[in-house]
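Structure assessment
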Amino acid sequence: MIDTIRQPQVCVLGSAEPGSKAYDLAGQAGELLARLGITVISGCGSPATRIAAQRAQAAGGMVVSIITNADMPAPDWPATVVIPCGMGDARNLIMALAGDACIVIGGRAGTISEVCLAWLHRRPLLPLMGCGGWSDGLLQNPPDERQNSPILPWDSMEALESQLNTLRLLKPESR
């Protein structure tokens, strides 16, 4: 953990459908981040990122939602803080920069965009393995050859917590 008063923040990127293993693990990841005192950054637009935000909030965590449109979402939006950027897909750069690391769950084209931007800006990537989607191949096929940041895969809450510890994002009392 960096010596600072700010709590660490981790972006949750990706997509997965309700009822899938990836969706269930996204929710568990949101809850784990909250329990560890890590702020969740999420667009809350896909079912996976939304359930991560909901579970983080339910566990008493802080959730920052950066949304593409310029209008505030409905009052039941799963976030503590909402930042409507009005930038459309350009919001992906803000998402990539907002975290000390980025959890990648499944994913489609928007996720690839966010992952590549995070890679270019040297943000560690934590891809969920074994559940399908773009995150499954990230370790073997990084965005390019530069090795800009670590790619630390996970497939369980124990593995995710271990990777967060490797990145020194856990406060000593939560280790």
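Residues numbered from 1 in each chain as written. Predicted model: local features only at pLDDT ≥ 70, side-chain atom pairs only at ≥ 80, totals over all residues. Heavy atoms only, no water.

1. Some points on helix α2 (residues 47-58)
Over its 12 residues, α2 runs 16 Å from end to end, which matches the ideal 16 Å to within 8%, given 1.5 Å per residue. Taken as a whole, α2 has its buried residues at Ala48, Thr49, Ile51, Ala52, Ala53 and Ala56. Phi for Gly60, located one or two positions after α2, is positive at around 90°. (Helix = DSSP H or I, 4+ residues; strand = E, 2+ residues; numbered from the N terminus. Expected span 1.5 Å × (residues − 1). Buried < 20%, exposed > 50% of the residue type's maximum accessible area, 1.4 Å probe, protein only.)

2. Considerations on the pairing of strand β2 (residues 39-42)
Going residue by residue along β2, you find Thr39 and Ile41 tucked away on one face and Val40 and Ser42 tucked away on the opposite face as well. Here strand β1 (residues 9-15) runs beside β2; their pairing, made up of 3 bridges, is parallel. Across the sheet, residue Val10 finds its bridge partner in β2, namely Val40. Each parallel crossover has a hand, and for β1 linked through helix α1 (residues 21-35) to β2 it is right-handed. By the bridge criterion, 3 bridges tie β2 to strand β3 (residues 63-67) in an arrangement that is parallel. Bridged to Ser42 within β3 is Ser65. One crossover worth recording links β2 to the parallel β3 by way of α2, and it is right-handed. (Pairing = 2+ DSSP bridges. Right-handed = clockwise from strand over helix to strand, strands pointing away.)

3. Quick word on the packing of α1 against helix α5 (residues 157-166)
Where α1 meets α5, the closest approach of the two axes is 10 Å, and the angle between their N-to-C directions is 45°. In terms of orientation, α1 lies oblique with respect to α5. Where α1 crosses over α5, the two elements pack in a sense that is right-handed. Where α1 approaches α5, its residues Leu25, Gln28, Ala29, Leu32 and Leu33 are matched on the opposing element by Met157, Leu160, Glu161 and Leu164. (Axes fitted to C-alpha atoms, helices over the stretch in contact; angles between N-to-C directions. Parallel < 35°, antiparallel > 145°, perpendicular 65-115°, else oblique. Left-handed = near helix turned anticlockwise from the far one by under 90°. Contact = heavy atoms within 4.5 Å.)

4. A look at the packing of helix α3 (residues 91-98) against helix α4 (residues 109-120)
For any two helices packed against each other, one specifies the crossing angle of their axes together with the interaxial distance. At a minimum axis separation of 8 Å, α3 and α4 run at an interaxial angle of 50°. Here α3 is positioned oblique relative to α4, judged by the angle of their axes. In the packing of α3 onto α4, the handedness of the crossing is right-handed. On α4, the residues touching Arg91, Asn92, Leu93, Met95 and Ala96 of α3 are Gly110, Ser113, Glu114, Leu117 and Ala118. Partitioned by chemical class, the residues of the contact of α3 with α4 number 5 nonpolar, 3 polar and 2 charged. (Nonpolar A, V, L, I, M, F, W, Y, C, P; charged D, E, K, R; others polar.)

5. Structural notes on the nonpolar core
Judged by nonpolar contacts, the single largest core of 35 residues is most densely connected at Leu33, Ile103, Ile105, Leu126, Trp154, Leu160 and Leu164. For this core, the elements supplying multiple residues, two or more each, are β1, α1, α2, β5 (101-106) and α5. Broken down by element, the residue count for this core peaks at 8 residues, all from α1. Excluding residues within four positions of it along the chain, Ile103 makes contact with Val10, Cys11, Val12, Leu13, Leu33, Leu126, Trp154 and Leu160. Judged by nonpolar contacts, the second largest core, of 16 residues, contains Cys11, Ala98, Val104 and Leu125. (Core = buried A, V, L, I, M, F, W, Y, C linked by side-chain atoms within 4.5 Å.)

6. Some details on α5
Within the span of α5, buried status applies to Met157, Leu160, Gln163 and Leu164. Across the axial projection of α5, the buried residues extend over an arc of 125°, all falling on one side. The secondary structure elements touched by the buried residues of α5 are β1, α1, β5 and β6 (125-127). Looking one or two residues past α5, Arg168 carries a phi angle of roughly 60°, positive in sign. (Arc of directions from axis to C-beta.)

7. A closer look at the environment of Ala90
For Ala90, the location among the structural elements is in the loop between β4 (81-84) and α3. The exposure class assigned to Ala90 is partly exposed, which follows from its relative accessible area of 40%. In this structure, the C-alpha to C-alpha distance between Ala90 and Ser113, residues 23 residues apart in sequence, is 9.7 Å.

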